[in-house]
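# Reading the structure
Each chain is listed here by its residues.
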Amino acid sequence: MNAATTYSPPYHRRHHQHHHFQLPPPQSQPSIVSIPTQKSILDLLNSKPATFSLQSLAQIHALALKTGHFHDHFVSGTLLKCYANPRFHNLDSAIQLFRNVPSPNVFVHNVLIKACLDNGEPLQAVWLYYELMMNDAKPNKFTYPTLLKACGDGGIVAEGKQVHCHVVKLGFAGDGHVKSAGIRMYGYFGMAADARKMLDDEDDDDAVCWNAMIDGYFRCGDVGNARNLFDEMPDRDEISWSVVIDGYIKSGFYKEALEVFNTMQSERIRPGKFVLTSVLAACAHLGALDHGRWVHAYVRRKKKSIVMDAVLGTALLDMYAKCGRLDMAWEVFESMKEKEVFSWNAMIKGLAMHGRADDAVELFFEMQRRKFRPNGITFIGVLNACAHSGAVEQALKLFNSMENVYNIEPEVEHYGCLVDCLGRSGRLEEAEELVNSMPIEPNPAVYGSLLGACRIHGNAELGERIGRLLLELEPNNSGRYALLSNIYAKAERWDDVAEVRKLMKERGVKTNPGSSMIELGGCVHEFKMGEGCHPKMKEIYSTLKVMIERLEMEGYVPNTSQVLFNIEEEEKETALQYHSEKLAIAFGFISTKPGETIRVVKNLRVCDDCHSAIKLISRVYGREIALRDRVRYHHFRDGTCSCKDFW
C-alpha cells in the first residue's frame, strides 16, 4: 500500500451551499441570559442533551451568538453535536450551522463527521473529511475511527483504502481505536486478508483489535479462523465472548453458540446483557427452552446489575414464543416496564406463530390505545396471523388500511403476506391476480407463497407455471425444486418428478435435508432422516416401530402421496416412518416421564403424513406434543392440532 496515495472523494449525495443560518428571535429567558461565560454555556449544553428540544437549543444558540461565544470552537462544536442528535432528524440544519462556524477546526469537523454517520449518511461523512483536508484543518487520531467506519458502512472500498493510506502516512496506524476500526472496515468489505494484515502489522495484544478481527472473519464467512483466533487470544474480555456467540448465530451455528456460552459459564465469566440477548436468540432458533429458562432465572437473580430493558425483555418473550411457551411470553410482555414498538411487534408475531389471529389483531389495536404507532413490521406480523388462521377478510381490511389510515406504503413483504393468506384459503385466482397487479416487482418469496398454495390445494396447472418461473429466478434454491416435485408427485406425474430431479442434478443443487431438534436436560439432540449416528439409535428405531404398529391398530394409514419417488407403496411407507420429527418424538418418549410435553423443532414444513400420525400419537399415548415447523407452531393434544389442519 502506497502511503502517499492521493485522496479523491466519493460521489456525495448532497450539494450544500453556504446559507445564512436562520434562527427564531431569542425569547426572554432570565435564567439563560444571566449565564454569559463560555464555561456556563458548555455546562448548559452538556447538562441533559437528551432532553433538549429544538426550541431550547435555538435559545442557547442565540445566547452564544449574542455573547460572542459561538466563535469558540468548543461551544460551536458542542452546539452542533446537539443539533445533529438523530432523534431530531435535523442533519441539514446541523450542516448549515457548520457552514457558519468561522474557520472550523478539527474538533468541529470530527463532530459533524460523526453526526453524519450517526444519522445514516456515511458518504456525507467521507465528503466532509475531504473538505477538512482541503481546508488544511489537520485530522487527528479521533477523526479516523469514525471515518473508517463510515467507509465500511458505505461500502466504498477505494476510498477506504485511501483513508487507510492517510492513517499510515500521518502515523496513526498504531493507535488501538484507529486500528480496530480499520480491521472492522476491511471485515465489512469482505477482505479478511487485509484485515489480518492490519492486526499482524505490530505485536498487539489489544483485545479490541482481536475482537474486530474475529468479527471480520465471521462477516467473511470464515467461521473456522474466527474460532481459532478466539481460542488463541491471550486476553479475552466479555466482548470477545459476545462477538463469538453473536458471530456463530449470524452464521447459522446456533448449537455452537450455546456451547461457547456454556464454556463461558464454566470459566466463571459473568455474561452481560448483550451476551444474554444473543444467547436468547440461539435458544429461540433451537427451541432450547431449558437454556432460555436458565437465562431468565439469571436475569432475575442479577436484577440489580442487569436491567430488563426493552431489548432484553423482547428477546426473552421471543424465545418463549418460539419455544412453544406462549403463556410465558405473554407473562414477560405484561411485566415489561419498558416497551418499544419492536416489543409489541414480537408479541404479535408470537401470537401469529401459534395461530392466535384474534389475539394478534386485538393486540394490534391495543398498542395504538397505548400510544404506540404500528410500523411496517407490525403489519407483517398481523397479516401473517390472519394467513395462519384463514382470516382473509380481516387481512384485506388491514392491508387496505396501511396507506389509507396509517400512511404506510405496502412493501413486497406485505403483498407476500396477503398472497399467502388468499392462497392458503383456496382463493388462488385472487392470489394470482394480486401478484399480477402489484405496483412493485414481485420477488421470489411472493411467487413461493403462491406455489405453496398450489401444493396445498392440488392445482398442478398453476403450480407448474409458477414453479417453472421460480426455477429460473432462484436456480439454486432446493426448496423450489422440492415443492414443484411435490405438486407433480401428488398428481402422480412421475416423469415430471424425474425431470425436476434431473435438472437439480445438472445444476448441482443439493436438497436441504429435513432435520428435527429436541432439547432434553439442557442438551439439544438433532435427528435427520437416514442418519444413525445418535448413541440411542437402535432404541429409537425399536420404539418407533412399536409406535407405528400401535397407530396402525388405531386405524392409521400412511399418506404416501407426497413421497417423491415412483416406488412400491411398502417402500414409501418405510420412507415416511423415518421422517426426522418421528425420530425426535420417539427419542422424547424414551427420555421423558409419562405425561411430559414433548417439544420438537423442525427446519421444514411438517408433511401431511407426520401431521396425521402425531395427532393420533397424542391421543393414543395421552401426550401433548408441541412441534414448530418452518411455518408455525402445532400443539397436538387428544388427537387434535391447534392449527385445525390449516397450515
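This report concerns the structure included in the present document. (Residues numbered from 1 in each chain as written. Predicted model: local features only at pLDDT ≥ 70, side-chain atom pairs only at ≥ 80, totals over all residues. Heavy atoms only, no water.)

## Some words on helix α16 (residues 273-286)
- Its 14 residues place the ends of α16 20 Å apart at the C-alpha level, agreeing with the 20 Å of an ideal helix rising 1.5 Å per residue.
- Taking burial as the measure, the 14 residues of α16 include 10 buried ones, the bulk of the element.
- Those residues of α16 that sit buried are Val275, Leu276, Thr277, Ser278, Val279, Leu280, Ala282, Cys283, Ala284 and Leu286.
- Once α16 finishes, Gly287 follows within two positions and takes phi at roughly 75 degrees, a positive value. (Helix = DSSP H or I, 4+ residues; strand = E, 2+ residues; numbered from the N terminus. Expected span 1.5 Å × (residues − 1). Buried < 20%, exposed > 50% of the residue type's maximum accessible area, 1.4 Å probe, protein only.)

## Some points on the sheet that holds strand β2 (residues 523-528)
- Ordered in space as β2-β1-β3-β4-β5-β6, the six strands form an open sheet in which the pairing is mixed. Looking along the sheet, the strands with just one partner apiece sit at the ends: β2 and β6 (640-641).
- Where strand β1 (residues 515-520) lies against strand β3 (residues 598-602), two bridges are found, and the strand directions are antiparallel. Its bridge partner being in β3, Met517 is matched across the sheet by Val601. (Pairing = 2+ DSSP bridges.)

## Some thoughts on the environment of Asp92
- Structurally, Asp92 is set in helix α5 (residues 91-99).
- Taking C-alpha positions, Asp92 is 16 Å from Ser53, a pair spaced 39 residues apart along the chain.

## A few points about α5
- Taken as a whole, α5 has its buried residues at Leu91, Ala94, Ile95, Leu97, Phe98 and Arg99.
- Where α5 is buried, its residues contact α3 (54-67), α4 (73-83), α6 (106-118) and α7 (122-134). (Contact = heavy atoms within 4.5 Å.)

## Details of the nonpolar core
- In this structure, Tyr144, Ile214 and Met319 are the most contacted members of the largest nonpolar core, which totals 159 residues.
- Apart from residues no more than four positions distant in its own chain, Ile214 is found in contact with Ala226, Leu229, Phe230, Met233, Val243 and Val244.
- Within the second largest apolar cluster, 31 residues are counted, among which are Ile548, Leu583, Ala584 and Leu627. (Core = buried A, V, L, I, M, F, W, Y, C linked by side-chain atoms within 4.5 Å.)

## Regarding the pattern of salt bridges
- Applying the stated criterion to the full structure yields 34 salt bridges.
- Put simply, Asp118 and Lys114 hold a salt bridge, and the shortest N to O gap is 2.9 Å. Remark: Lys114 and Asp118 occur in helix α6; sequence separation between them is four residues, near one turn of the helix.
- Taken together, the shared-partner salt bridges in this structure form one network comprising Glu362, Glu366, Arg369 and Arg370. (Salt bridge = Lys/Arg side-chain N within 4 Å of Asp/Glu carboxyl O.)

## Examining the side chain of Glu519
- Within the element layout of this structure, Glu519 appears in strand β1.
- One buried charged residue, Glu519, remains without a salt bridge, the closest side chain of opposite sign being Arg293 at 7.3 Å.
- A polar contact is formed between the side chain of Glu519 and the backbone nitrogen of Leu289, at a distance of 2.7 Å.
- Polar side-chain contacts of Glu519 include one of 3.0 Å to the side chain of His291.
- Leaving out residues up to four positions away in the same chain, Glu519 has contacts with Gly287, Ala288, Leu289, Asp290, His291 and Val524. (Lys, Arg positive; Asp, Glu negative; His and termini not counted. Polar contact = N/O pair within 3.5 Å; in protein donor to acceptor, adjacent residues only side chain to side chain.)

## Things to note about the packing of α16 against helix α17 (residues 289-301)
- The N-to-C vectors of α16 and α17 enclose an angle of 155 degrees; their axes lie 9 Å apart at closest approach. As far as their axial angle goes, α17 and α16 are roughly antiparallel. The way α16 lies across α17 gives a crossing that is left-handed. Here α16 contributes Leu276, Val279, Leu280 and Cys283 to the contact with α17, which in turn contributes His291, Gly292, Val295, Tyr298 and Val299.
- In terms of residue class, the contact of α16 with α17 is built from seven nonpolar, two polar and no charged. (Axes fitted to C-alpha atoms, helices over the stretch in contact; angles between N-to-C directions. Parallel < 35°, antiparallel > 145°, perpendicular 65-115°, else oblique. Left-handed = near helix turned anticlockwise from the far one by under 90°. Nonpolar A, V, L, I, M, F, W, Y, C, P; charged D, E, K, R; others polar.)

## A word on the pairing of strand β5 (residues 633-637)
- Along β5, four of the five residues are buried, which leaves the element largely enclosed by surrounding structure.
- Pairing of strand β4 (residues 625-628) with β5 involves four bridges; the strand directions are antiparallel. Looking across to β5, one finds that Leu627 is bridged to His634.
- Where β4 folds back onto β5 in an antiparallel hairpin, the turn is made up of four residues.
- Two strands pair when backbone bridges link them, and β5 and β6 are joined in this way by two bridges, in the antiparallel orientation.

## Thoughts on the state of the cysteines
- The final tally for this structure, using the stated rule, is zero disulfides.
- We note that Cys209 lacks a disulfide partner, and the nearest cysteine sulfur, in Cys220, lies 16 Å from it.
- Sulfur of Cys607: no disulfide; nearest cysteine sulfur belongs to Cys610 and is 3.6 Å away. (Disulfide = S-S within 2.5 Å.)

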